[in-house]
Amino acid sequence: MPHRISHALRTCRVIHGRSLRLGFPLDEQLGNALLDLYAKCGYSRYSVSVFQRLENRDVQSWNSFMSMHLRSGMLDEVGKLFRSMQISGVMPNPFSYAIVLAACGKLKLIHFGKQVHCDVIKTGCLLHSFCEGSLTDMYVKCDSLVDAKRMFDQLESPSLVSWTVMIAAYVQIGLLDEALEVFEKMLKFGCVPDHVAFMTMISAFMNDGRLNEARDLFSQMPCPNSLSWNVMISGHAKKGYEVEAIQLFLNMRKAGVPSTRSTLGSVISAIACLKALDVGMSVHAQAIKQGLDRNVYVGSSLINLCAKCQKLDSARQVFDSIDERNIVLWNAMLGGYAQNGFAREVVELFIKMRDSGFHADEFTYTSILSACGGLERKDLGSQLHCVIIKTNFESNLFVANALVDMYAKSRSLVEARKLFDRINNRDHVSWNAIIVGYVQGEGEDEAFDLFQRMMSHGTMADEVSIASILSACANLKDLDKGRQIHCLSVKRGLSTSLYAGSSLIDMYVKCGIIEVASEIFNRMSKFSVISLNALISGIAQYNLEEALNLYKLLLLKGLYPSDITFANLLDACREPFHLSLGRQIHCHVMKQGILYNDGILGVSLLCMYMDFLKTEDASKLFREFPKEKSVVLWTSMISGLNQNGSHEEALQFYQEMRISDIMPDQATFASILKACSVSTSLRDGTGIHSLIVLTGYNSDILVNCALIDMYAKCGDVKSSMQVFAELEHRRDVVAWNSVIVGLAKNGYVDEVLKLFDEMLLSSINPDDVTFLGILGACSHGGKLSEGRHFYNMMVQEFNILPRNDHCACLIDLYGRQGLLKEAQGFIENLGFEPDSKIWASFLGACRLHGDDDRGRIAAERLIKLDPHNSSAYVLLSSIHASSGNWGEVDVLRKQMREKGVPKFPGSSWIILSLGCKAMLFRVMGGGYDVCRIARIYYLTWGRWPKGEDPYRYYTWHVTFGDIYPLGVKQQGILINGQFPGPPIEAATNDNLIIHVSNGLNEPFLISWNGVLQRRNSWQDGVYGTNCPIPPGQNFTYILQVKDQIGSFFYFPSLAFHKAAGGYGGIRIDSRPLIPVPFPPPDGDFTILAGDWFNKNHTDLKAILDSGSNLPFPDGVLINGHGSNGFTCTVDQGKTYRFRISNVGIAMSINFRIQGHDLLLVETEGVHTLQNTYTSLDIHLGQSYSVLVKADQIPKDYYIVVSTRFFSQVLTTTSILHYSNSNVGVYGAPPAGPTTEIARSVEQARSIRQNLTASGPRPNPQGSYHYGMVNITRTIRLSNSAPLIGGKQRYAVNSVSFIKADTPLKLADHFNIPGVFTLGSIPDNPTGAPAYLQTSVMAADFRAFVEIIFENPEDWEQSWHTDGHIFFVVGMDGGQWSAGRRSSYNLRDAVSRCTVQVYPKSWTAVYMPLDNVGMWNIRSENWARQYLGQQFYLRVYSPAHSVRDEYPIPKNALRCGRATGH
C-alpha cells in the first residue's frame, strides 16, 4: 500500500507540473481531480495549495479538502471548513454531512452533531444511506444510544450501514442479545448483512465465550475472507480451544483463503500451547513461502512456539533473522530464555536490547528479573530495581511480583519481604513468590506463618502455594503439618494435581511413609517426571527393583528421564553386585544425550564409582567433565579419594583445584584436612589453615573439628588446642570429641581428663566417641583404675552400649599392667562375639609379656576372623621368637607363604628441599637411602639456575615539541619524540635502568607513580629526594620493581611540567610461575586519560604563581588525543585487559565502553574481587585494570571518558574497533554519571581485595592480616585553601609546603642543618591560621599508622603516598571520630597508594611503614600540590643497615647545600 500511494503521488505531481507548464487553469474538473488525489495521498501541503488556487470551489472540492483533514486527525478543522463551505454558498451533499458527522463522533461533539442533523433534515438528505448511517454512528460514538435508537427507529428502510452501526453499538456496551435481535431483524427486513455486520456479531460472541453461536453465524457467512477466519482462529486459541483453532486454520487453507500475518500468528500461538512442534514447522514453512517469516508478529509467535518446545537455538535463529524488531519481539525472546532457565542468555540479550535503543516494559522487567533471580545476581537485580523506580514501574503488580521473586531467589529475604509488604493489591503470585523464597531460604517457620496469613486474607491456596508449603514440611520432615496440608489439598481438589501431588509424594517419601506416597501416585490421573523422581528416590532406598520398574513406566509413558532420575537410581546402587547396573545407567545416560557436567548427576556418577573402589574410572570420568568444574565436583573427587585411602592423590587433586582458581568450601576443607591427617602432612595442613582463615571458614564447626584432628594427628598438639580454644561456640559434642581424641592419641592423658571434666561442667553430654577417646588416653597412660571408672560411667550413667573398640581399649589397659588373666576373663564375659580388634589387642598384650599359650589362642581366633591379615602371624611370630621357639617361627612363615598372606614393608615419608623448591619422597623398608633419593632429585630437576633478576634498559631523550591534542598548537614535553612517552613493560623484581637526557631549557625530573622504590627513595624522582637534571645533562635512574605487579604511570614532577605531557604507562606483569586469578587476556591496552588545558604549562604556572586559581580545563585526552583520535582494535569473542590511569591535573574521570561491561581485576598492584561495572570512576592519580570481552555484534563502539563532580561535563571518546567490522560509530556516546557522589562512594566501597589470589608472590594476598595489627599512631590530615599574603595557597593541617634550597633526602643524609625541621607539621588539625613551612613529619620504621584524610571543603580530594601502600579501611561523610572505627573494613579492604576523599567527608587508611626513606605525601590535584598541599614523611631506622635502606647511589646529583658533599 505505501508503494501504491507513493506511485500515485509521483503521478499526480507530474500531471500537476505538466498542466502548469501547458498553462491549463485549475478549473473545477482538473483542480478537483488534483485536490482529491493529493488529499487521498495525505500530501497536505500541495492539497492546501491547490485548494487555495481553485478558481471555483464546488462541493466536491470542499469534500476532498475536509476528507483530507479528517484522515489526518485535524478534526476541529473539519467543522470550521464545513461552516466556511456553507458561508461561501456551497450546498453540502450527503458526503459532506457524512464527513462532518464522522468528525463530530470522534470529538464527541453531540451538540454540533445535532445542528448538522437539523441541516440534514432541512436539505432532505435524511433518507440517504450515507446520512442515516453517519447520524446513527455519530450518536453511538457520542454515547447517546437513546438518540441513536430514536434515529434508527424513525428510518422506514434502514441501510446496511445503519443496521451495522446499531449492532456495533449494542455490542460495544455488552448487550449481545439486543445486538443479535437487531441482526435477526435485519435478516427479516431482507437486508443481506455484509462481512462487517457478520464479523461484528461473531467477534462479540467470541469475546463473550459463546463459541457455538459464533460458529453458527460463521457458517452462514457467504465466502468468509481472511479477516473472518482470523477472528475465528484467534478467538478459539485465546479461549483455550487450540485444537479447534488449528482445525479452523486447516479448513481455511482448504477453502483457498490466503493466510495473513494475523492468521499465522494466532495459529502458531495455539500450536505453542499444545507444544506440537511438527505442526508448527509446517506452518513455519507456509510463512516462509508467503514471505511472512520475518514479520514481527509471526516471528514472535514462532519464537514462543520454539521456546515452549525447548528449541531455543531455533527460536534464536528466528529472532536473528528479523531485521526490524519491536519490543514485543524482544520480550518474546527474553521470555523464551527465561522460561527455559537460560538466565545468562536473558541478561546478555537484555543488554543488547538496551544498546539497540529499546526501553523495557513490564514484560521485559519480568523476564530479566527472573533471570537475575536464577543467577542469584542481586547486584544486577538491584540496579534494575533503581531503573524500575525511576521509570515508575514499581507499582505495576507484575513487576513488583518479579522483584519479590528476584530478591527471594537471590537469598535477600529482607529486601523481598519489604517489597512484599509494600504491595497493596497482592495476588496469588505475590504470596507464592515470598512463600517459595522462605522455603528455599530455609525459613520454613516464616513460610508457614505467611501461608496462614494468605488464607486469613481471603486468598485461597492454589497449586503453587500448596506445593511450596509441602516442600517446607518435607524439609523439616514435619509429618503432622504435611498431613494438614494434605487435607487442605483434598478440599481444594488439588491432591492429585500435577504439582501438588508431586509435592505430596516428596513430603511422604522424605518422612519415610512410602506406602502413602505410592497411593497418591496411583491416584494421579496425570503425572510428570518430577512425580516419578520423588517416588523413585524413596522406593530406591528399600527396593531397587521396584524403583527400576518405575523407571520403565516413565519410559512407557513417553516421558524423558531427567538427571535427578538417574541420580536417584545411582545413589541406590550400594551392593557389590550393583556395579554392573551402575555402569549400565551411565551408558544409558550417555545414549540419552543428557549432560552431566557438574550437577547432581555428575556427582552421583562420580560417587558411584568411588563407592565401588573404582578410583581409576572415577578419575577418567572426572577428566571428562568441562574444564571449569564446580567446587562440588572437586570436593566429591577429593572426598572419594579419601574414602578409598588415596590420600596423596586427594592432596594432588586439591592442588589442581587451587591452580584452577576454584575456591574450596567447608566440605572441601573438611575432606582435604582429613587427607592431611592420614598422611600426616602438617605442611599442607598449615597452608590450608591459612586459606581457611582468609575465606572466613574458621568459624565453621565442621572445618574447626577437621583442623583440630589434623593438627593432633600430625603431632602439633599445641596448634590443635589453640584451634579449640579459639572456638566461639563449644556446644557441639563433635568439637570436644575432636580435641579429646586428638590429645589421647598423642598421649596427653592428664589434659584429656581435664578437658573431660570441663565438658561435663559445660553440660555437654559425652557420646560413645568421647568415651573412646577417654579410654584410649587411659590406655596410653596405663591408668587402669581410671579406665575402669570411665568404662562403668559410660555404661551405667550414660547408658551407652560398649562397642568392640571400647572393649579393646580396656583389654589393652589390662595387658599393659600384665593382667592377662583378667583380660581373658573380660573377653569371655562379653555379651557379644569379640571381633578382630579385641583379639588383636589381647594378642599384643600376650606378645608384650611373652605369654605363648594365651597368645596362641588369641592368634588362632584372630586368624580365623581375618585369615589374610598378616598382623596375627607377625605378632605370634614375635612371641615365639622372644621365647627362642624358632621352629614355631618357621612354621608360621610357611603358613603365610602357603596361604598367600602378604607382608607389606614399612615406609616413611621425607621432604627433600633445595633452595626454594622441595620434593616429597616415600622411603620403603629395605629400599632407597637418602643419597639415592638425592641423586633421583638431581636427575629430575637438574641444576638450579643462578644469577640476578632480569635487567631492562631504556634510553630517553626529553625535549619540548609542538603538539595539537585538542586541535590547538601548544608546547608539549616529548620523550623520544613521543607524547605520551614510551611505555615501561616489566615483570616482578625486574631491574629498570632508565637513562634520561634532559633536552629542555629548564631542570627536569621524572617520578614513578605507584612504584614503591623498596629501600630506595633515592630514585623517587620528586623535589624532596632528587636534585633536578640540569638542562643539557643526563641522569640514570636505577630502580627495581621489587615485589610488585600492576598498572601505574610515570610523569614529570617539577615546575608544573605535568601539564605539558611527558607521562607514560608502566606495566608490571606477574612472574610466570605465579598464578593470576583470571585467564591470560588476548591483548593488553594502556589508557592514559585526564583533563587537559590548551594553555602552555608556563602560562598555567604563572597563573598559580600570581596567587590565582586555574581556569576550567579545556577538554579531556585519551593517550594524548582528543575525540576519536585513538583506536583499540579487538577480535570478536576475545577478552582484553585495559589498564586505565587518570593522569589529569584537576578532575576525576569516569571510564566506560559502549555496550561492554568492565570486569575489575586489579588496582595499583592488587588483585581485586572481580566485580562487574558498566562504568568506573577513576580519581586523580589512580590506576585500574579491567577485563573487557568483545562479545557484541561486529561494529565500532565508543570508549568514553568524561569528567566528574562538576556541573560542566567534559567528554572525549576513542574507538573500540572490531577487526571484522565495517560499521563505524554512530549516534551519541553513552552518557555517564556527572555530579552525583553517592554512586561513586558505593562503587569505591565495593572495590575489595581478592584475599585468595596471589599477588607478586605465590602466597595469597590476604596472608597479611592488617586488621589484626595494633595501631601505633593515628595521624589526621585536613586540607584547606587559605589565602596567605593575599595569594591563594593550599595547606595540610594549616601548613602550606614550600621548597627548600636542597632536596630533603640529601640534607638528611649529609646532616645539613637548617634545611628542614622534623615535626614541622602537626599530627592533627590545629585550626590555627595557615603558614608557610618546609613541612616534614617524623615516623618510625615498622610502625603501623592510621591516617585519616579529612576534607572539610566542597571539592573532592585525591591523596597519594610515595614508597608505601595503605589499606583503605573506611570512608564516609561528615566528621571523623574514634567511634567511626567500628565501621572499618578490617578484612578485605583494597590496598593502594592513591585514594579519594569526597567533599565534606573523610577517608581512613592503615599504612605499615615498611620502607625507610624520605617520602612525599601529596594532593594529586596538581595545582593544590604546587601551591602547598603536600608534605614529606621521614621513615627512620636507627640501624643504618643495607637491609633497611640502600646507600646513596654513586651517580646521585648534588645541588643546593649538598654541593660538594
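Residues numbered from 1 in each chain as written. Predicted model: local features only at pLDDT ≥ 70, side-chain atom pairs only at ≥ 80, totals over all residues. Heavy atoms only, no water.

A.B. asks: I'm lost on the packing of aromatic side chains in this one. Help?
C.D. replies: Centre-to-centre distance and the angle between the planes together describe a pair of aromatic rings. Following the criterion strictly, the structure yields 41 aromatic pairs and no others. Their ring planes at 35° and their centres at 5.0 Å tell us that F1085 and F1138 sit as a pair that is tilted. With F1085 in strand β11 (residues 1083-1092) and F1138 in strand β14 (residues 1135-1142), this pair connects stretches of sequence that are 53 residues apart. Each residue in the set Y954, W956, W1008, F1035, Y1037 and Y1050 is aromatic and connected to the rest through ring pairs, giving one cluster. One residue, R426, lies across the ring of F420, its end atom 4.4 Å from the ring centre. In this structure, K1058 packs its charged tip against the face of F1051, placed 4.9 Å from the ring centre. (Phe/Tyr/Trp six-rings, centres within 6.5 Å; stacked < 30°, edge-to-face > 60°. Helix = DSSP H or I, 4+ residues; strand = E, 2+ residues; numbered from the N terminus. Lys NZ or Arg CZ within 6 Å of the ring centre and 35° of its normal.)

A.B. asks: Even after reading the chapter, I still don't get the sheet that holds strand β6 (residues 991-998), so can you show me in this structure?
C.D. replies: Whether parallel or antiparallel, the strands of a sheet pair through hydrogen bonds between backbone atoms. The strand order across the open sheet formed by four strands is β4-β3-β6-β8, and the pairing between neighbours is mixed. Every interior strand has two partners, whereas the edge strands, β4 (970-975) and β8 (1034-1040), have only one. Averaged over all pairs of adjacent strands, the angle between their axes in this sheet comes to 20°, without regard to strand direction. (Pairing = 2+ DSSP bridges. Axes fitted to C-alpha atoms, helices over the stretch in contact; angles between N-to-C directions.)

A.B. asks: Looking at this structure, how should I read the packing of helix α43 (residues 717-725) against helix α44 (residues 733-745)?
C.D. replies: Describing two packed helices takes the angle between their axes plus the distance from one axis to the other. As a packed pair, α43 and α44 sit with axes 10 Å apart at the nearest point and diverge in direction by 165°. Here α44 runs roughly antiparallel to α43, going by the angle between their axes. Our pair here, α43 against α44, has a crossing hand that is left-handed. The segment α43 lies against α44, with V717, M721 and F724 engaging A735, W736, V739 and L743. Of the residues that constitute the contact of α43 with α44, the class distribution is seven nonpolar, no polar and no charged. (Parallel < 35°, antiparallel > 145°, perpendicular 65-115°, else oblique. Left-handed = near helix turned anticlockwise from the far one by under 90°. Contact = heavy atoms within 4.5 Å. Nonpolar A, V, L, I, M, F, W, Y, C, P; charged D, E, K, R; others polar.)

A.B. asks: For this particular structure, what's the right way to read the sheet that holds strand β21 (residues 1196-1203)?
C.D. replies: Reading across from one edge, β13-β22-β21-β15-β19 is the order of the five strands in this open sheet, with mixed pairing throughout. A strand with exactly one partner marks an edge of an open sheet, and here the two such strands are β13 (1127-1130) and β19 (1175-1178). Averaged over all neighbouring strand pairs, the angle between strand axes comes to 20°, with direction disregarded. Relative to strand β22 (residues 1211-1218), β13 is paired through four bridges, and the arrangement is parallel. Pairing of V1130 across the sheet is with Y1218, part of β22. Seen against the sheet, helix α56 (residues 1238-1246) touches β15 (1149-1153) and β19 and runs at an angle of roughly 90° to β19.

A.B. asks: I tried to follow the state of the cysteines on my own but got confused; where do I start?
C.D. replies: In the structure shown here, the tally under the stated rule is one disulfide. A sulfur-sulfur distance of 2.1 Å marks the disulfide that ties C1027 to C1455. Looking down the S-S bond of the C1027 and C1455 bridge, the torsion is -90°, so its handedness is left-handed. Taken together, the residues span a long stretch of sequence, with C1027 in the loop between β7 (1006-1009) and β8 and C1455 in the segment after β38 (1430-1436) at a distance of 428 residues. No disulfide involves C142; its sulfur sits 7.1 Å from that of C104, the nearest cysteine. The exposure class of C142 is buried, given its relative accessible area of 12%. (Disulfide = S-S within 2.5 Å. Buried < 20%, exposed > 50% of the residue type's maximum accessible area, 1.4 Å probe, protein only.)

A.B. asks: Is there a simple way to think about the pairing of strand β31 (residues 1344-1351) in this case?
C.D. replies: The side chains of a regular strand alternate between both faces of the sheet. Counting buried residues in β31 gives eight out of eight residues, a clear majority hidden from the surface. Burial along β31 is two-sided: F1344, E1346, I1348 and E1350 and V1345, I1347, F1349 and N1351, pointing in opposite directions, are all buried. With six bridges connecting them, strand β23 (residues 1273-1280) and β31 associate as parallel partners. The residue bridging T1274 from the neighbouring strand is E1346, located in β31. With eight bridges connecting them, β31 and strand β36 (residues 1401-1408) associate as antiparallel partners. Within the sheet, the bridge partner assigned to V1345 lies in β36 and is M1407.

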